[in-house]
Amino acid sequence: MSSNIIKNTYYVMGCKVSISQVDNILNYTVEEPTLTAEEEKALKSQVQLPQNSIEKINYYKEKMEKFGKLTCLMLDKNVEEIECSDVSKPLAVKIKGLGRAITNIKISRDEILNIFSKFIDSKNYKRLGKYIVIENDKFKAIIKVKDDINFNIIKSDSLYSESITELISEGYLNKYSTAYLWHIIENSGIIIINGNKRIARCLAYSLINLVYNKFNKIIVVSKSKTRKLDDLIVLNDVKNLDIIDYYNPDIVLFDYIDNDVIVKTLDLNTQNKGIIILSEFPDNITFLSSLSKSQLLSLSKLPTILVEIVRNYINIHELYSIRTKVRIRKVCKKGNMNKKEFSYSITLKNKINTNNLDLKVSIIENLTNNNILDKYEIREKVMKIGEKIEPEI
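Residues numbered from 1 in each chain as written. Predicted model: local features only at pLDDT ≥ 70, side-chain atom pairs only at ≥ 80, totals over all residues. Heavy atoms only, no water.

As for unusual backbone geometry
Backbone geometry at Met-13 places phi at a positive 45°, although glycine is not the residue there. Note on placement: Met-13 falls in the loop between strand E1 (4–12) and strand E2 (15–22). What makes Met-13 partly exposed here is its relative accessible area of 23%. Not every positive phi belongs to a glycine, and Asn-248 is a case in point at roughly 50°. Here Asn-248 is to be found in the loop between strand E13 (233–236) and strand E14 (251–254). (Helix = DSSP H or I, 4+ residues; strand = E, 2+ residues; numbered from the N terminus. Buried < 20%, exposed > 50% of the residue type's maximum accessible area, 1.4 Å probe, protein only.)

Structure (structure tokens):
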């Protein structure tokens, strides 16, 4: 039976990784590096060796000290999740942009317990009946330790994805709805995201990634301590939001919502600052119901877009008003938008020309066609192709 290689073979710290598909079953195969006698000796002592040998030795050190048979899976940035449903069967993985695959790796009960015991401490460990939950800066895992042992690991990189390409490939958005949200935030709009928290966070940071360039200063405001975010200013547990003014940002992301955030959003947006808010509300209607009449009217006078993530799709609505009557217009349903709707919605909302819109759509097409998932590659591609794109308002 022949196999169709759907992704080039690549290496992870000396391990050869091959991804292939046979009869619609995706396979993820790991071949560990073989150490020479000299490398075996160097594994136990300090010996000068060439770079390729050092990489192999570091792999085996990681294997011995931390992840055992899971080492290559944990180090591979393309692997988002690792699943063991039965120790008698090979492990399964979720591959970024491709889906679930079966590996060539089996692991025993003792090996599982040995690996996870290295990561248990009082700060990151919870016992829930038959299950142990471990959460740290590298992964989130649940392990069933009684009866038939099993586990599931979600790596931190996948919990905090910043790839708009993933959202498009998973059907949440298309190239036009993506370019629409990008254009709104780049031109000092307000985007309020409701619904599924994980996808909402992914969308917010994916949009931030698209507008990350030399023209924009971006600030993240968090109610509680948040993880370190590369190249972004993070303000944790801010008591007085007026402190934001002293940073003079171009775009502000609030990862929570309350009355103070609404008030500050109105203030910042009148100064032409782009705003993204991660709401705790399940949908747009519930969010709107929480606002006072004056807040609703104020937001409707500004370029405010509401995004709701319900089940496996995204709906986008526009808030506007006629005199003192607040209205909601559906921009797109289930993330689908065509070119005509795209141009109409942009022109209607912002009263701006559409010269740069086709270029944004082309950039999104380039990212998706080439399956570019890494946030730094996305930034580089956006800056290279669209380096002349500047905010138009």
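Considerations on the packing of aromatic side chains
Tallied over the entire structure, the rule returns six aromatic pairs. A centroid spacing of 5.1 Å and a plane angle of 80° characterise the contact between Tyr-59 and Tyr-60, whose relative ring orientation is edge-to-face. Residue Tyr-59 shares its accessibility class with Tyr-60, and that shared class is buried. When the centroid spacing of 6.4 Å and the interplanar angle of 70° are considered together, the rings of Phe-116 and Phe-139 count as edge-to-face. Of this pair, Phe-116 sits in helix H4 (residues 109–117) while Phe-139 sits in strand E9 (residues 139–144), and the two are 23 residues apart along the sequence. (Phe/Tyr/Trp six-rings, centres within 6.5 Å; stacked < 30°, edge-to-face > 60°.)

A closer look at a positive patch on the surface
On the surface, a cluster of positive charge is contributed by Arg-311, Lys-330, Lys-333 and Lys-334. Looking at the element boundaries, Arg-311 is found in the loop between strand E16 (304–310) and strand E17 (313–322). (Patch = residues over 30% accessible without salt bridge, like charges linked within 9 Å, V, L, I, M, F, W, Y side chains within 5 Å. Areas by Shrake-Rupley, 256 points an atom, 1.4 Å probe, with all protein chains shown as cover. Salt bridge = Lys/Arg side-chain N within 4 Å of Asp/Glu carboxyl O. Lys, Arg positive; Asp, Glu negative; His and termini not counted. Charge placed at Lys NZ, Arg CZ, Asp CG, Glu CD.)

Quick notes on the nonpolar core
Judged by nonpolar contacts, the single largest core of 49 residues is most densely connected at Tyr-180, Leu-181, Ile-193, Leu-203 and Ile-316. Ranked by the residues each element gives to this core, the list is headed by helix H8 (residues 197–211), at ten residues. Sequence-distant contacts of Ile-193, that is, excluding residues within four places in its chain, are made with Ala-200, Leu-203, Ala-204, Ile-276, Ile-277, Leu-278, Ser-279, Val-307 and Ile-309. Residues Leu-35, Met-74, Leu-91 and Ala-101 belong to the second largest nonpolar core, which totals 38 residues. (Core = buried A, V, L, I, M, F, W, Y, C linked by side-chain atoms within 4.5 Å. Contact = heavy atoms within 4.5 Å.)

Brief notes about the sheet that holds strand E15 (residues 274–278)
Pairing within the open sheet is mixed, and its eight strands lie in the order E13-E12-E14-E15-E11-E16-E17-E18. Only two strands of the sheet have a single neighbouring strand rather than two, namely E13 and strand E18 (325–332). Taken pair by pair, the neighbouring strands of this sheet meet at an average axis angle of 20°, ignoring direction. In this fold H8 packs onto strand E11 (190–195), strand E12 (218–222), E14, E15, E16 and E17, with an angle of close to 160° to the strand it touches most, E15. Where helix H11 (residues 293–300) meets the sheet, its contacts fall on E11, E16, E17 and E18, and the angle it forms with E17 comes to roughly 95°. (Pairing = 2+ DSSP bridges. Axes fitted to C-alpha atoms, helices over the stretch in contact; angles between N-to-C directions.)

Observations regarding helix H13 (residues 357–369)
One full turn of an α-helix is made of 3.6 residues, so residues set three or four places apart face in the same direction. End to end, H13 covers 18 Å across 13 residues, agreeing with the expected 18 Å (1.5 Å per residue, within 8%). Residues of H13 that are buried include every one of Leu-357, Lys-360, Val-361, Ile-363, Ile-364 and Leu-367, and no others. The buried residues of H13 occupy an angular sector of 155° when the element is viewed end-on, so they sit on one face. The positive-phi residue at the C-terminal boundary of H13 is Asn-371, with phi of around 50°. (Expected span 1.5 Å × (residues − 1). Arc of directions from axis to C-beta.)

Quick notes on the pairing of strand E7 (residues 125–128)
A regular strand places its side chains on the two faces of the sheet in alternate fashion. Two elements, E7 and strand E8 (residues 131–135), share four bridges in a ladder whose sense is antiparallel. Across the sheet, the residue bridging to Tyr-125 is Ile-134, located in E8. Hairpin connection of E7 to E8: two residues between the antiparallel strands, including Gly-129 at a positive phi of 60°.

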